[in-house]
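Examining the three-dimensional arrangement
One-letter residues, chain by chain:
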Amino acid sequence: MNKKKMAYYFGGGKAEGRSNMRNLLGGKGSNLAEMSRLGIPVPAGFTITTDVCNEFAASGERFPAGLKAEVKAAIARVEKTMGGRFGDKKNPLLLSVRSGARLSMPGMMDTVLNIGLNDSTVAGLARAMDNPRTAYDSYRRFVQMYGNVVLGVPSELFENILEKRKRKGHVLRDSDLSADHLKQLVAEFKALVAKKTGSKFPDRPMDQLYGAIGAVFLSWNVKRAIDYRRLNKIPGHWGTAANVQAMVFGNLGMTSATGVAFTRDPATGAKRFYGEYLTNAQGEDVVAGIRTPHPINLAGKAELGTDLVSLEEEMPKVYKELEKIYKKLEKHYREMQDIEFTVQAGKLWMLQTRTGKRTAISAIKIAVDMVAEGLITRKEAVMRVDPDQLDHLLHPMFDPTAKRRVVAKGLNASPGAATGRVVFTADSAESIVVADPKARVILVRRETSPDDIHGMAVAQGILTSRGGMTSHAAVVARGMGKCCVAGCGDVSVNVKKGVIKVQGHTIKRGDWISLDGGTGEVMLGEVPTIESEITRVVTGELDKSESLLYREYEKIMKWADSFRRLEVRTNAETPEDSRRAVQFGAEGIGLARTEHMFFDAERVDAMREMILADNKAGRKKALKKLLPMQRKDFEGIFKVMAGLPVTIRTLDPPLHEFLPHTPAEIKSLARKMNVKPEAIQEAVDRLHEFNPMLGHRGCRLGIVYEEITEMQARAIMEAACKVQKSGIKVIPEIMIPLVSTKRELELQREVVQRVAEEVIAAKKVNVKYTIGTMIEIPRAALTADKVAESADFFSFGTNDLTQTAFGLSRDDAGRFLPYYVDHGILKDDPFQVVDREGVGELMRIGVEKGRSVKPNLKVGICGEHGGEPNSVAFCHSLGLDYVSCSPYRVPIARLAAAHAAIEQNGNTVGKPKARKKTAKKKSRKKARK
């Protein structure tokens, strides 16, 4: 039996791995191997696979047999390439261990640098570097990092000792500490470790190495990593690789440096080399935001308006080499890259390349530009934009005419408009929003760390007083689509006192502030917002010629429409919502909830009169008042939809929802209706149900009180005849809810059909209509072949289907579903993402059985899942004809449908039939007018 390889070498222009092995080697490991193959200078190393990580976790934190032999052999190859020896006293080779999942998780897992240092090797390192200070600075950093990451000693305890040492030495900065100071720090750090752990700090290099590898594997399951995976839908079973790599030093003096860069602007997508660096520093100094980094080139310097020297000026030869490498990498990967580099005594080394995190604006621009440059195809461009990212583009922006009380300006790290109350810790942000989901908070920190991920996730925006455009806060915020202002030096943050001091103002915990992530401005109070730029173009408030963003967005959406098969409709009950949805590209209405039309103050009284009536005649009298109101609603919708299909659901909720419940409300209604309050209370009691969601509602109401269905069918058809007579085509689709048997649908169909034919005959207008049903009860799905005999179409109501399949109340399940998801009992909240195994299986049965009777049966989905990308992909795989979602999620569903088609068919995806598409296009143009 072939033994699985566990350690893959890279370096010196050779590599055992390659870029297509990311599942095994992680993104970092596979890209290090690929860079080495491309002849790019990469410090030699090896990658321990994700399989080893999973085996390590499954076996009680034990390394698999055979790993140590492979590691020993790999280290020998690294030593040969780099020219030092691991653990050698005269010419020591130091190693780093970094994590690397198959998808980038910036800063969420652990790293250990300078492995191999002890009291003997540090002396050899000092001689080899001819720089005792740098050697002991590396030793100090190693003990601090290893003590925290591997041995669990809190980092602030090391920081406290460091601050005391600086005070004793009368210095302000870490870099001002002498070699002797650093020697004393190492001794103090080791004493702290011994005190806190009860054991001496490990001196043997091999023990250090395996301690670091184990810590990196364990960091896959620390809270911040789990939170990040949950937010980004990354499976927990993937595991992380561990990358063991020779150390190179950016802290050897003024000819050494370290930096982070992007091959294009990750915030705007502009085609410019963009990044930051620090001389005489190690990598964590740049991303931690403790020192203010310098711009990488003159272009960046000009944009920032800073006097800080750039790498292009300070090290021109190194910069030119870096420029060649970044262009080579972007051309090779055909994607924007996020790169890390170190300059050691004038020599450039590349430490990482990965696909760069970017904002929604940036994603669209980069995709469109790369098509124009011939780097990628249109299909690839569509796949480069995450459907969920479009949500960020439709968010409101600050009103440019509103008064702004700007008190500071930082770096515009991630665009957006954010207003909220100030909080100073991630835990505070999370607890406030958990207690009140509508609460808005701004997380304010000196600098963020990976441990803040849960607070960043719930905050409206992030403000930091330190850090640059490549700091942790900036990178993570861009990936999340969160507004972020970073490196705002004018802001003094005192977390303990809970105050911010800026320009003579004191802002306390709980005070309102506003952040403009596009300009970097920090403002006092709440600044009013307006619709986003794209929404303003879509609605005609802004001319398309004035918005480059919209023109690029429009290109992506047109390309997406050319690849998708699924139609995208909207859930809307008003002409305004319908118009907005069509403007966003909706191809019809998949769900008009008629009950929403009854909650207006005037109408609800007529509805209550109908409910309280003692007999059919009384109910018909009240319904007669409602008829013209409903008819007018439908007329407005039909006019807006202009030839697009409109699916109207007959009354669904239980009648008690329309009645008052408090004594004051009951008395008020009694006065209006001139009846005794006791009569209304009696009706409320009579209609009370222990489980109303499974009670007298949906088609059951229409069967017992068929006059309700009659009125609604008449309103629909009279409106359809009137609008069609005016020259606008109307396609009404009447949908019966909560059907569980064929007979229920037959009874309601008979009523609708009878009324429809009466209206058509009376109005002398031939309106083609269809009658279908919602599949939202498991029995309906399981007997769909029978139900289909009386249905012209099916629409899955996945909200109720999820409730009934799981036996969950969606109104109460929120109390425990987050626990289920966090603990892996359920992969996702089934009310947000279709549960493919259970609910999805019922859907599959429903489609197959329905089409076994009627092969051309139209089937769609109209639950909230219709705008969720994963669920849209599932609907595509089932062969559904359309999905339907809220107006603002229409663009998301359009793009998700294109992704699903491209992923399923690859290069075989063709454009939808010209006839069908042309008809839709004409209808949409009419509707927009």
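Residues numbered from 1 in each chain as written. Predicted model: local features only at pLDDT ≥ 70, side-chain atom pairs only at ≥ 80, totals over all residues. Heavy atoms only, no water.

1. Some points on the sheet that holds strand 16 (residues 411-414)
- Reading across from one edge, 15-25-24-17-18-19-20-16 is the order of the eight strands in this open sheet, with mixed pairing throughout. Looking at strand neighbours, the two that pair on one side only are strand 15 (406-409) and strand 16, the edges of this open sheet. Direction aside, neighbouring strands of the sheet carry axes that sit 30° apart on average.
- Of the strand pairs in this sheet, strand 19 (residues 461-464) and strand 20 (residues 483-486) are connected by three bridges, and their pairing is parallel. Bridged to leucine 463 within strand 20 is valine 485. (Pairing = 2+ DSSP bridges. Helix = DSSP H or I, 4+ residues; strand = E, 2+ residues; numbered from the N terminus. Axes fitted to C-alpha atoms, helices over the stretch in contact; angles between N-to-C directions.)

2. Topic: the environment of valine 42
- By secondary structure assignment, the location of valine 42 is in the loop between helix 1 (22-37) and strand 3 (45-48).
- On the accessibility criterion, valine 42 (4% relative accessible area) is buried.
- Apart from residues no more than four positions distant in its own chain, valine 42 is found in contact with Phe10, Gly11, Leu32, Met35, Ser36, Gln245, Trp349 and Met350. (Buried < 20%, exposed > 50% of the residue type's maximum accessible area, 1.4 Å probe, protein only. Contact = heavy atoms within 4.5 Å.)

3. A word on the sheet that holds strand 22 (residues 499-502)
- Within the open sheet, the three strands sit side by side as 21-22-23. Their pairing is antiparallel. Each edge of the open sheet carries a strand with a single partner, namely strand 21 (492-494) and strand 23 (505-508). Across the sheet, the mean angle from the axis of one strand to that of its neighbour is 20°, orientation sign disregarded.

4. With respect to unusual backbone geometry
- Positive phi values are uncommon outside glycine, yet aspartate 130 reaches one of about 55°.
- For aspartate 130, the position within the fold is in the loop between helix 4 (121-129) and helix 5 (132-149).
- Owing to a relative accessible area of 69%, aspartate 130 belongs among the exposed residues under this scheme.
- The phi angle at leucine 738 is positive, at roughly 60°, despite the residue not being glycine.
- With respect to the helices and strands, the residue leucine 738 is situated in the loop between strand 30 (731-736) and helix 29 (742-763).

5. A few points about the packing of helix 14 (residues 360-372) against helix 21 (residues 548-563)
- Here helix 14 crosses helix 21 at 70°, and the two axes come no closer than 9 Å. By the angle class used here, helix 14 and helix 21 are roughly perpendicular. Considering only the axes of helix 14 and helix 21, their crossing is left-handed. For the pair helix 14 and helix 21, the contacting residues are Ile361, Ile364, Lys365, Ala367, Val368, Asp369 and Val371 in the first and Leu548, Leu549, Glu552, Tyr553, Lys555, Ile556 and Trp559 in the second.
- Of the residues assigned to the contact of helix 14 with helix 21, the class counts are 10 nonpolar, no polar and four charged. (Parallel < 35°, antiparallel > 145°, perpendicular 65-115°, else oblique. Left-handed = near helix turned anticlockwise from the far one by under 90°. Nonpolar A, V, L, I, M, F, W, Y, C, P; charged D, E, K, R; others polar.)

6. Re helix 9 (residues 223-232)
- Buried residues of helix 9: Arg224, Ala225, Asp227, Tyr228 and Arg229, and no others.
- Contacts from the buried residues of helix 9 go to helix 18 (453-458).
- Backbone geometry just after helix 9 places lysine 233 at a positive phi near 55°.

7. Section: the side chain of threonine 709
- Note on placement: threonine 709 falls in helix 28 (residues 706-725).
- Judged by its relative accessible area of 2%, threonine 709 is buried.

8. Topic: the packing of aromatic side chains
- Taken as a whole and judged by the stated rule, the model has 13 aromatic pairs.
- Summarising the aromatic geometry, the rings of phenylalanine 273 and tyrosine 326 are spaced 4.0 Å apart at their centres and angled 10° between planes, so their arrangement reads as stacked. Pair noted here: phenylalanine 273 is in the loop between strand 9 (257-262) and strand 10 (274-279) and tyrosine 326 is in helix 13 (residues 316-333), with a separation of 53 residues, a long-range link. Exposure class is identical for phenylalanine 273 and tyrosine 326. Each is buried.
- Taking NZ or CZ as reference, lysine 347 lies 4.6 Å from the ring centre of tryptophan 349, over its face.
- Positioned over the ring face of tyrosine 882 is arginine 569, at 4.0 Å from the centre of the ring. (Phe/Tyr/Trp six-rings, centres within 6.5 Å; stacked < 30°, edge-to-face > 60°. Lys NZ or Arg CZ within 6 Å of the ring centre and 35° of its normal.)

9. So, the pattern of salt bridges
- For the coordinates displayed, the defined rule picks out 64 salt bridges.
- Across the pair aspartate 227 and arginine 230 runs a salt bridge whose closest N-O atoms are separated by 3.4 Å. Of this pair, aspartate 227 and arginine 230 both sit in helix 9, three residues apart, roughly one helical turn.
- Given the relative accessible area of 7%, aspartate 227 is considered buried.
- With a relative accessible area of 39%, arginine 230 lands in the partly exposed category.
- The partner of arginine 743 in a salt bridge is glutamate 750, with the nearest N and O atoms 3.8 Å apart. (Salt bridge = Lys/Arg side-chain N within 4 Å of Asp/Glu carboxyl O.)

10. Let's talk about the pairing of strand 7 (residues 111-115)
- Counting buried residues in strand 7 gives four out of five residues, a clear majority hidden from the surface.
- Note that strand 6 (residues 95-100) and strand 7 share three bridges and pair antiparallel. Within strand 7, the position partnered with valine 97 by the bridge is valine 112.

11. Here's the deal with a nonpolar patch on the surface
- A surface patch of nonpolar side chains, about 380 Å² in accessible area, is lined by Phe816, Tyr819, Tyr820 and Ile825.
- Judged by relative accessible area, tyrosine 820 falls into the partly exposed class, the value being 32%. (Patch = residues over 30% accessible without salt bridge, like charges linked within 9 Å, V, L, I, M, F, W, Y side chains within 5 Å. Areas by Shrake-Rupley, 256 points an atom, 1.4 Å probe, with all protein chains shown as cover.)

12. Observations regarding the nonpolar core
- Ranked by internal contacts, the top residues of the largest apolar core, which has 132 residues, are Phe638, Met843 and Leu880.
- Sequence-distant contacts of methionine 843, defined by excluding residues within four places in its chain, comprise Phe796, Thr798, Leu801, Val834, Ile861, Phe874, Cys875, Leu878 and Leu880.
- If you look at the next biggest cluster of nonpolar residues, it comprises 60 residues, including Val52, Ala74, Leu117 and Val244. (Core = buried A, V, L, I, M, F, W, Y, C linked by side-chain atoms within 4.5 Å.)

13. What about the environment of aspartate 338?
- Take aspartate 338: it is sitting in strand 12 (residues 337-344).
- C-alpha separation for the pair aspartate 338 and glutamate 595, spaced 257 residues apart in sequence, amounts to 51 Å.
- Residue contacts for aspartate 338: discarding those within four places in its chain leaves Val260, Ala261, Phe262, Gln352, Thr353, Arg354 and Gly356.

14. Considering the pairing of strand 30
- Burial analysis of strand 30 places five of its six residues in the buried class, the great majority of the element.
- Here four bridges tie strand 30 to strand 31 (residues 770-775), and the two strands are oriented parallel to one another. The residue of strand 31 that forms the bridge with methionine 735 is glycine 772.

15. Observations concerning the confidence of the model for the protein chain
- Taken residue by residue, the protein chain gives an average pLDDT of 91. The fraction at 70 or more is 96%.
- Note on residues 907-929: pLDDT is under 50 here. Beyond four places in sequence and across chains, it has 36 contacts. (pLDDT = per-residue confidence, 0-100.)

16. Regarding the side chain of threonine 258
- Along the polypeptide, threonine 258 turns up in strand 9.
- At a separation of 3.2 Å, a polar atom in the side chain of threonine 258 contacts the main-chain carbonyl oxygen of phenylalanine 341.
- A distance of 3.4 Å separates the side chain of threonine 258 from the side chain of threonine 342, its partner in a polar contact.
- Once residues within four sequence positions are removed from consideration, threonine 258 is found in contact with Tyr277, Leu278, Ala281, Gln282, Gly283, Val286, Phe341 and Thr342. (Polar contact = N/O pair within 3.5 Å; in protein donor to acceptor, adjacent residues only side chain to side chain.)

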